Each structure stands twice: as C-alpha cells, then as structure tokens.
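Spelled out, the chains give:
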2 protein chains.
Amino acid sequence: MGWLNDETGLDRVAANHVALTPLSHLNRAAAVFPDREALVYGERRWSYRDYHADVSRFAGALAALGVAPGDVVATVIPNLPAQAMAHFAVPAAGAVLNTINTRLEPDTVSFILAHGGAKVVLVDTQFLPMVEQAVAALDTPAPRIVEVPDPQAGYPETGRHLTFDALLAMGAADTPWIMPTDEWESLALNYTSGTTGRPKGVVCHHRGSYLMTMGTVVSWRMTLYPRLLTIVPLFHCNSWNHVWMIPVLGGCVVCCRDITAKAIYDAIADEQVGFFGGAPIVLNMIVNARPEERRAFDHKIEIFTAGAPPAAVTLGKIEELGFNVTHVYGLTETYGHVTECTWNDGVWDGLDHDARATLKARQGVAMPMMEHITVMDENMVETPADGTTQGEIMMRGNSVMKGYYRNPEATREALRGGYFHSGDLAVRHPDGYLQIVDRAKDIIISGGENVSSVEIEGALMHHPDVSLCAVVAKPDDKWGEVPCAFVELKPGATGDEAAMIAFVKSRLAGFKTPKRVIFIELPKTSTGKIQKFALRETAKAL
Amino acid sequence: MGWLNDETGLDRVAANHVALTPLSHLNRAAAVFPDREALVYGERRWSYRDYHADVSRFAGALAALGVAPGDVVATVIPNLPAQAMAHFAVPAAGAVLNTINTRLEPDTVSFILAHGGAKVVLVDTQFLPMVEQAVAALDTPAPRIVEVPDPQAGYPETGRHLTFDALLAMGAADTPWIMPTDEWESLALNYTSGTTGRPKGVVCHHRGSYLMTMGTVVSWRMTLYPRLLTIVPLFHCNSWNHVWMIPVLGGCVVCCRDITAKAIYDAIADEQVGFFGGAPIVLNMIVNARPEERRAFDHKIEIFTAGAPPAAVTLGKIEELGFNVTHVYGLTETYGHVTECTWNDGVWDGLDHDARATLKARQGVAMPMMEHITVMDENMVETPADGTTQGEIMMRGNSVMKGYYRNPEATREALRGGYFHSGDLAVRHPDGYLQIVDRAKDIIISGGENVSSVEIEGALMHHPDVSLCAVVAKPDDKWGEVPCAFVELKPGATGDEAAMIAFVKSRLAGFKTPKRVIFIELPKTSTGKIQKFALRETAKAL
C-alpha cells in the first residue's frame, strides 16, 4: 500500500487522471493520423479525419433524436461502416451500445429491445422486416427505428424510416463528445447467445474495453498501421473489441458484409488485410476455397481463432497457404478473448506438424489485461498443473464484465469468490497452459467416467472426411450415458458409420468411442455455435 | 455519462477490478513465460521464474528490515540486476522506490535522503563512499545502508554493511507481494536533476506506470520477446519505465554497467539486443566508434532518443549502420517520453535524407497513454498549427505525475488549468507534430526578437567539426542579449571562431548568428544535460 507519509496535494486532478475509454483512441488517431486510411467498405474510404467527423455527426444526431446519457442505442447491422461508427458514436453521445445479432428471430429481438430498453435502433435494410416485427410485438415503449440501407449490396432504402445518411446530416462534424468521467461507466450491453433460456445482458465498461485493446496489441503482436478484416461480427463481443483497438495503431478496418472465401481472399489481395478473427469454420472456408475464389498474396496473415480448437489437418493446410493461426478463448462476459495459446518463439519452432497442432489446440495463458486465469475445483482451490486433473476455468481481471443487466443474482453467482466462473472445464498442463476439456454441461458421464466431448470431437476432426462435428451424451441403460457423434461431412464425402467409429477407436479408449455416428448438417445458434442441446434431444430419440 | 437506467449489482468487485500496476506484468510473466530469459548481466542470467523468486526474496527481506507499506526505499546503483529487481521488489513490499542518480555530489544526496525520508538505501560499492558521506551529514534519521557489490566489475564488498546477497537470503522466494489496492498509490519518487535550485521530488503512481508501459509497446512497435539494453539510467525516470514494460512482452533486460561504444556493440552482437533508449551523445558514440570496438550484426536496432533532436549528419550515418532512430520527448514529471515523432509509413518513406532528418528532428505527437498534448499561449489557448507561432507544451493524460512530494504549491502551479505545464516552448506544424524551439528560460531576446537557442544549435550541428554545442544569451548593451555559442569539437578538429560564425551566418538570419563562439568541453548535469546556467555565467564574464 504505497501511500507516502505525506500525500498532501498529490490527488487526482484533470491534468493527471483521464478515465480510460476506447473513445480516446479515435480522438488521438484523428489528431495523430488524420490523413491515414481508417475505414473501408467497397469503394468507400474514410481517413481518420473523416471517420472522426462522421462519428461526431452521428453522436450529435443521436442527441438531436433525444438520446440522453445512459440511454441504450441498439443496432442490427452487419459488419459495415455504420456499425463500426456506432461503436464510437453511441458512447460519444454518452449512451450505451447494444449490438444485436442479425440472425436472431423476432421474438428474441423483442425480448432484447424490451429488456435493454433501447431508445433508438439502427437497422440494416436487409433485417428491417425482422426488426419491424420485433418492435411491433413490444408492449414496452418502441425504439425509434433508423434505417441503414446498403444499396451497393442490393438493399436500397425502403422509405419507411429516417435513414442513416439523413441522421448524420442532423449532427455537426464538430459535436463535442461526452467522454466518461468515470471509467466504470457502461459502454456496451451485449446479450449472450443463450443456448438455453433467455439471453442475459452482459454490461461492459469503458475501462475494460480500453485495457482489452491494449492487451490485444501485445498478444496479437501488432505494430503500427495494421489492416483488419471484420469477420467476427461486431454484434459478437463487439468483434472482440478489435474495432475499438485499431485506431490506437493508426490502422484500417476493412468491412465485409458477407463472409465468403472469395471475400476473404479479395480483402487480402486488394486491401492488404493482415489480421482477422474467425471461428474454425472460417479456417475451413479458406482451406476449402475453390481455385477461382483464391487470390495470390505475399504477406503473412495473422488469424485469431476461437470457439473450438483448430483441427490439426486444417492448421497444416492453412499455414502452408501463408496464414498463422493463434487459438484464443473467452466469453461475452470477458469482452471476447482473454487467453491465448502464446507461441513460445525459438523453443517450439522446430517441432513437427503434429506436435505444433497439439500445442495450438490448447487455450493457453492469460492475455496481459487479465490478472489471473486458472483452473479451480469446486472449493476454488487451484488444480495441479498435471495435464489431467479437471476443474473450472476461473478468471480475475479488468476485462471481466460489470455484471448482467437487471440480474444481480446471476451477477453475484458468476462473480462469486473473487473470480468469474466460466462454466468451462479444463486442465492445466505442466507449463501452465490451459486446455478445455468441455463445457461443464457438455461432459459425458459413462460408466462413472468423465468423458470429454471435446476430446472425441478432436479425434473425429482428424478424419479427412469430417468438416465439423459435435459429440453429446446419449442416455444408455447400461452405462448411464454414452457418447453419440454428429458429423457434418466435407463436400463429396459419404459417411460410413462403422468406419468412423473404428477410426475413433484407433485413437481413443473404448469408453470414449461414440456408440453412434449420425451424418447431418449441424444445428447452429445465431453466432455459429453448435446447438448441443438440440443434438442431445435428437440423441435421446435415437 | 454511461450510467444505465439500472446499475444494480454492477459495482466493482474483486473479479472485475484490479488496480493497474506494473507489478502485474512480472507476476504474469512468471506464470506465462517461466523459462524464458528475463535478465542478463555478464555471465549471470535469470529466467522469469528466477527473476520473480529473487524479487520475492528481496521484498520479503525489506519487510524483515522493517520496511513498511508507504516507506521510501532508495537506491544508488547503476543499471544492474539489483536495480532492475528493486523496481519490482520495493513496490512488492508496499514501499515507494526512490532511485538516486549515482553521479550526484554528497550534499544533494543528503538533501534527497532527508526530503524523501528513505528507510533503506541500497548502494553499489563504487558509490558507497559518496553515500556514506551523504548519510553522515544527515540531521534526520539515517537510512540503513545495504551494499550491492559488483565483483565482476572490480567492486568487491567492503565488509562495512549488509550485502545484497545476504539481504536476499533473509526473504523467502514465495513471499506474497503487497499489491496496490488503489492504483493511485505511489510507486516511485524521482528527484529532478535541478539545473537550478534544489531538486523536486516527482511522485509517480502505479496506474501511470502501467499505462506508460502499454503505450510504449505501441509507440516503439514492439512485439513479443524483445531484448532491451539498459542505457538510459534506471535512476532517470526509471529508464522511461522500460524495465517495468519488458515482462509484459516476455522480453529480456540486458544490463550494462558502463556505457561505451564497445559495450553497446557487444550487447548487440552477443546478446542480440534490439532496443534501447539514449541521448544523442549515445548516437555519436556509436557512429564514432573505433573499428576495433565495432561488431557485425544483421538485425535492425530501434533507438528512442531524447534530450535534443538527433543531428542530421548523425542520423544519416547511424541509419546506414542498421539503426533506426525515433525522436521522443518527455520529462521526469511525465514518467519519461510522452511524445514521439511517429514515422508515417508509406508516406514519408521516399523522402531524401535531409527531409527525413528534418522530420525526425521534431518532437512529434502524443503517445497512446496521453489524452492531449498541444501548444498553448499564456491564456491556455491552443496556438495555430502554422509551424511558427510559439507557445508552451501542455499535456494532459494518465502518465502525468501525482505531483511534487511535500510541495503542494509547486504541484498546483505545474498542473493548473487541467494541464501539466512543461516549460518548453514549441510550435505546432500543420500536420500536428510539435517541435520544441526552446526551454522557456533558454530563449534569447535580441533587439526585441525571440531567438531560439535550439535553432542556432541545430545550425551549428551541421558543421562537420562540431560534436556538441550549446547557445545561451550574453548580455549586450545595444541588443539587450545576443547569442553566444559554446562548442565541443570532434577529436582532431581545431576551432576557428570566425569561420564558425560565418558558417552559421550562411544558414540563419544575422540576428540569430552567435557573436562569440567558445571552444570548450561543455559542463553537464549528472543526467548528461548541458548546464546552460553555468554557460550563462561564463558568457556574462566574456
């Protein structure tokens, strides 16, 4: 406790204490990098001067619409410039940003709009009918709809609402920003994808986001002027805070409406993007692209991947193509990624392909903005770093949410004992790296043995015909539960259940071998997560 | 002001709020990079596991000596491992680190020990007689002396005091660290070099240092695992916080007792150092090294230089040798550098050598941890960005000191109006980059015209015989003041006053031409700053 004997006159004043906020990054970028390219979508390009001016107009216009500090402003927009700008303009108006998943059904959007209490919702024209339906179903005050048309993608304005361009025209380019005076003020309200039950509203603060951006620069080994492609949706943990981060580096955000192999290769070749985040399915998309979708490039692309460990086969192929993949892990409650499988330069470089893939499958170690991430047992005692003892991943640090909106009980439960309880089961390897064995609720208990669905999925992913897979518990009279696999095949592959079971058996213990393998297209949530609860229902009925 | 309508249950708790401190970097490094090399001095090498263990022993031992939270612990040590460890161990004991310049005279050290009230002072054997004399002269309670011998440099222990190794043996490797609970707690007490009058004690806080380290990573374009040579003394703004920064990157600090051209080239070739900070005199040392002092290397070295703009000739030569120089600027009151002449990649790359040198002479733009750095007139109105209107550099941000210890009046004066007043006069160029024209007190007023001593010095530095120079005001009956130049020549050069005056006259207006040029070895402060006050006295007597 470093309080000097005499601290007279050493208090916080305006000169030496500024609330941490990602808004500072864009303010500084407009001053330091005014002419550098900041934002690109197709033929449209913004310098930092222009980006800052449009954000200021946007903030001023929100105030003109009646948005007051502390109000919620929602968006239902793909990864387009209006969505990127909302990340700065909504907080610059003192308001809280509630990005809503564009793939949700009207009922859930109604729930979110009512629960969050948005005053305004900005909606891409493609999703307007869905949102209009959601708004019509509200029995709480309806938010004002602002339409964001995208004529270059075939979505011209409908004429039914105030448009985004008309909104911008309502605000001045020199509108002063309402900066937080306390860095604990709320910045964003992000609803979880809710694999079961109603989504919960995760409240993020300015401080956490600022620190997330600074820590990500270190972890991703970024230097000045990176070019980032927005693949992870901005409605998914604010794209892991990447759009808030880029201005601190004077970099450029390249927007992409639809994620296709062609769009990714084009952005690499034409816009020189060097960084993006994406689920393993994006890696598959790149590896399996058709020849006419591919483009030549000669720079290294850095990918953060999360959601599931990257499959060894995919890793091998994508690295040959010039991509480096780093596995990261986090949750909406932690602003996105908070652990990273940090590569140990000079020590791991000489390892063979399988050894590298095995290392890269681990979720890794705490990123710099987190104080402590570890695995604990039910008594919150750290598990031994033996690679086998399972416990729950617990985390403490500045990129943990404030809590769940209007749900103090769930907040208390999630943050009890000084740590955020992730609900993910993991082991600690002897070198301290974490590896997830399963979601607590996805573990399969067969004959009294804990069986990790993730481990079986990892084995299945080695099979050359498997594109995606999920393993769940199937009730069994003899064993209690047995593993049941659902497999999405690669184009052209035909599934042979017995051969697939034999393949897994050659790699894993008998009790870990699925008793059934079903070949289907896997059901996914709106953020692309596989809906295991639906598969469990299917498995029960088999 | 982003307070949601309902903030129930969304308060700071242990899981989501951790006080920012550079101590976290070393804690994390010990967990994430335990086996990577952290610290090197000659043949001695520490991994992060060992570094953390020795720091813990050190912290435990300080407590055993009676150091309590809030106490001051001083050091008088060159850039050696014990000094690096003190940067973590002293705050880990809850105490405040007071690094004292090894080049000071006993009288000033007595003043600092009395004013800061150090309980313990760790002293390198070389400086022991000086510190013993300073302690003997105290009429306040004397600090306990701990001797830090350096036998490999020819300074074995004297036997008169507890030694550093014996101190470490008093503490346990698993001593728990006293982490700050409030990031505003004091971390360091750094006395200014005091070109006139008694030094002032600048108090730094944990938050400012943490943010300084994260911002420096961005500005210096550092990625994981850098190797840093400690040239800027750790008693000078804690070496610009670099030793606190390195663990967040899993990098290595290479210690160097005496800064010589040979030591620098050896560290580059043998230890693969890639980064260091240093005054322009260090650049000269590298450029002017004798052939037998030079070593071959094939990696790029990044240098931060501050104190004076790097001379064009030096820049040209050092860049050919494989070094990239970035000009930075800051003060003890700002933890070190807070502006940087950020290179505008892709835009400035094609410029010729002179144009590059002219750009690099500017102090530049705010680093990421600073909110706003600009130039203002005496009414605190921002000056126009016209490259000519002069004003004072003012800065606001999280890497500004808490204030001056036991001097609330000076603190209030320095931080008045929401900005730290630097005392440096500068212009803003049209692209927003700042350039210092002079210290406020160094400006020469000749015939009513403001003459920048820095501008005349810049002209002199173009002369091939000039190694270092300083220009001050000389009282003059007709003009009030006239410029008077003091020049330190390169080895072998002979000074010709008339020719030197003619050289400057060919580059600058007549009233900016020095009326006298004196060839001497320049007097310098303990941190290597030229003592202009002494030169002014000399000029008066001419």
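Nothing here was measured: the structure is a model prediction, and the numbers come from that model. (Residues numbered from 1 in each chain as written. Chains lettered and ligands numbered in written order. Predicted model: local features only at pLDDT ≥ 70, side-chain atom pairs only at ≥ 80, totals over all residues.)

1. A look at the overall build of chain A
Just so we agree on the cut-off: In DSSP terms, a helix is any run of H or I states spanning at least four residues, a strand is any run of E spanning at least two, and both are numbered starting from the N terminus. Restricting the calculation to C-alpha atoms gives the radius of gyration, and the globule rule supplies 2.2 Å times the number of residues raised to the power 0.38. Burial is judged by counting the other C-beta atoms within 10 Å of a residue's own C-beta: 20 or more makes it buried, 12 or fewer makes it exposed, and any count in between marks it as partly exposed, with every C-beta position built from the backbone.
The helix and strand inventory of chain A stands at 17 helices and 26 strands. Taken over the C-alpha trace, chain A has a radius of gyration of 24 Å; the compact-globule value for 542 residues is 24 Å, and the two agree within 12%. Across its three principal directions, the C-alpha atoms of chain A cover 70 × 65 × 55 Å. Going through the 542 residues of chain A one by one, you find that 55% of them count as buried.

2. Re the relation of the copies chain B and chain A
Here is the rule: The copies were overlaid by least squares, fitting only the C-alpha atoms of residues that reach a pLDDT of 70 or more in each copy. Whether two residues are in contact is decided by their C-beta atoms, placed from the backbone, lying within 7 Å.
For the pair chain B and chain A, the superposition axis carries a translation of 0.0 Å, the fit reaches an RMSD of 0.1 Å, and the rotation angle comes to 180°. In symmetry terms, the pair is related by a two-fold rotation axis. Ranked by how close their C-alpha atoms come to the rotation axis, the residues of chain B are headed by M214 of chain B, at 3.2 Å. The residues that chain B uses at the interface reappear at the interface of chain A in 100% of cases, marking a shared surface.

3. Details of the pairing of strand β14 (residues 323-331) of chain B
All names here are of chain B. In plain terms, the rule: The rule for pairing is simple: two strands pair if DSSP sees at least two bridges between them.
Of all nine residues that make up β14, seven are buried, and the element is covered over most of its length. Pairing of strand β13 (residues 301-305) with β14, which is carried by five bridges, proceeds in the parallel orientation. Residue pairing in the sheet places I303 in a bridge with V325 of β14. With four bridges joining them, β14 and strand β15 (residues 336-340) adopt antiparallel strand pairing.

4. Comments concerning the interface of chain B and chain A
Our working definition: In this count, Pro and Cys sit with the nonpolar residues alongside Ala, Val, Leu, Ile, Met, Phe, Trp and Tyr, while Asp, Glu, Lys and Arg are called charged and the others, Gly among them, polar.
Taken together, the 67 residues of chain B in the interface contact 68 residues of chain A. For the side of chain B that touches chain A, the secondary-structure elements that each account for two or more residues are α1 (23-32), β8 (186-191), α7 (206-219), β16 (365-366), β18 (391-397) and α14 (408-414) of chain B. The element best represented in the side of chain B that touches chain A is α1 of chain B, accounting for four residues. Taken together, the residues of the side of chain B that touches chain A sort by class into 36 nonpolar, 20 polar and eleven charged.

5. Brief notes about the nonpolar core
The criterion, for reference: We define a nonpolar core as a collection of buried residues of the types Ala, Val, Leu, Ile, Met, Phe, Trp, Tyr and Cys that are connected via C-beta atoms lying within 7 Å of each other.
With 342 residues, the main nonpolar core has L62 and A89 of chain A together with L62 and A89 of chain B as its most contacted residues. Those residues within four positions of A89 of chain A in sequence are excluded, and the remaining contacts are V55, F58, A59 and L62 of chain A.

6. Here we look at the domain arrangement of chain A
All names here are of chain A. Quick reminder of the rule: Where each domain begins and ends follows an automated or database-derived domain assignment.
As far as domains go, chain A holds domain 1 (48-204), domain 2 (259-439) and domain 3 (443-541). Distance between the C-alpha centres of domain 2 and domain 3: 22 Å. Contacts between domain 2 and domain 3 engage 14 residues on the former and 14 residues on the latter. With three residues, the single largest contributor to the side of domain 2 that touches domain 3 is strand β21 (residues 434-439). Residue composition of the side of domain 2 that touches domain 3, grouped by class: ten nonpolar, three polar and one charged.

7. Topic: the sheet that holds strand β18 (residues 391-397) of chain A
All names here are of chain A. Worth spelling out the cut-off: Only C-alpha atoms enter the line fits that serve as axes; for helices the fit covers just the stretch in contact. Angles between N-to-C directions range over 0 to 180 degrees.
Strand order in the open sheet formed by four strands is β17-β18-β20-β21, and the pairing between neighbours is antiparallel. Where the open sheet ends on each side, the last strands, each with one partner, are β17 (370-376) and β21. Taking the axes of each pair of neighbouring strands and ignoring which way they run, one obtains an average angle of 45° across the sheet. The pairing of strand β20 (residues 420-428) with β21 spans five bridges and is classified as antiparallel. Considered in β21, the bridge of V427 is made with Q435.

8. Digging into helix α16 (residues 497-505) of chain A
All names here are of chain A. The condition that has to hold: Comment: arc refers to directions from the helix axis out to C-beta atoms.
M500, F503 and V504 are the residues of α16 that are buried. Down the axis of α16, the buried set is contained in an arc of 95°. They therefore lie on one face. In α16, those exposed residues whose orientation departs by more than 90 degrees from the buried face are A498, A499 and A502. For α16, the secondary structure elements touched by its buried residues are α15 (453-460), β25 (480-489) and β26 (516-519).

9. As for the packing of helix α2 (residues 48-64) of chain A against helix α3 (residues 81-92) of chain A
All names here are of chain A. Put simply, the rule is: Our angle categories are set so that under 35 degrees counts as roughly parallel, over 145 as roughly antiparallel, 65 to 115 as roughly perpendicular, and the remainder as oblique. Working rule for handedness: look at the near helix, and if it is turned counterclockwise from the far one by less than a right angle, call the crossing left-handed; if clockwise, right-handed.
At a minimum axis separation of 8 Å, α2 and α3 run at an interaxial angle of 45°. Between α2 and α3, the angle is such that the two are oblique. Along this stretch, α2 crosses α3, giving a crossing that reads as right-handed. Residue-level contacts link D54, V55, F58, A59 and L62 of α2 to M85, F88, A89, V90 and A92 of α3. A breakdown of the residues in the contact of α2 with α3 according to their chemical character gives nine nonpolar, no polar and one charged.

10. Remarks on the sheet that holds strand β17 (residues 370-376) of chain B
Residues and elements named next belong to chain B. What the four strands build is an open sheet, ordered β17-β18-β20-β21; its pairing is antiparallel. Edge positions in the open sheet fall to β17 and β21 (434-439), since each of these has one partner strand only. Geometrically, the sheet is characterised by an average inter-axis angle of 45° between neighbouring strands, direction not taken into account.

11. Re the environment of N450 of chain A
The residue N450 of chain A is located in strand β23 (residues 449-451) in this model. In the structure, N450 of chain A is positioned 61 residues away from F511 of chain A in sequence and 9.8 Å away in space, judged by C-alpha atoms.

12. Describing the packing of helix α11 (residues 280-287) of chain A against helix α12 (residues 312-320) of chain A
Residue and element names in this part refer to chain A. Two elements in contact, α11 and α12, have axes whose closest approach is 10 Å; the angle formed by their N-to-C orientations is 55°. Taken together, α11 and α12 sit at an angle that is classed as oblique. Considering the relative orientation of α11 and α12, their crossing is left-handed. The segment α11 lies against α12, with P280, L283, N284, I286 and V287 engaging T314, K317 and I318. A breakdown of the residues in the contact of α11 with α12 according to their chemical character gives five nonpolar, two polar and one charged.

13. Re the confidence of the model for chain A
Using the following cut-off: By definition, pLDDT measures how confident the predictor is in each residue, and it falls between 0 and 100.
Chain-level pLDDT for chain A is 94 on average; 99% of the residues reach the 70-or-more range. For this predicted complex, the interface confidence comes out at an ipTM of 0.90, alongside a pTM of 0.90.

14. As for the pairing of strand β24 (residues 466-476) of chain B
Residues and elements named next belong to chain B. With eight of eleven residues buried, β24 is to be regarded as a mostly interior element. Where β24 lies against strand β25 (residues 480-489), ten bridges are found, and the strand directions are antiparallel. Across the sheet, the residue bridging to C469 is V487, located in β25.

15. A closer look at α2 of chain A
Residue and element names in this part refer to chain A. Put simply, the rule reads: A helix is expected to span 1.5 Å for every residue after the first.
End to end, α2 covers 24 Å across 17 residues, agreeing with the expected 24 Å (1.5 Å per residue, within 8%). Of all 17 residues making up α2, twelve are buried, and the element is well covered by its neighbours. Inspection of α2 places Y48, Y51, H52, D54, V55, S56, R57, F58, A59, G60, A61 and L62 among the buried residues, and these make up the whole buried set. G66, located one to two residues past α2, shows a positive phi value of around 100°.

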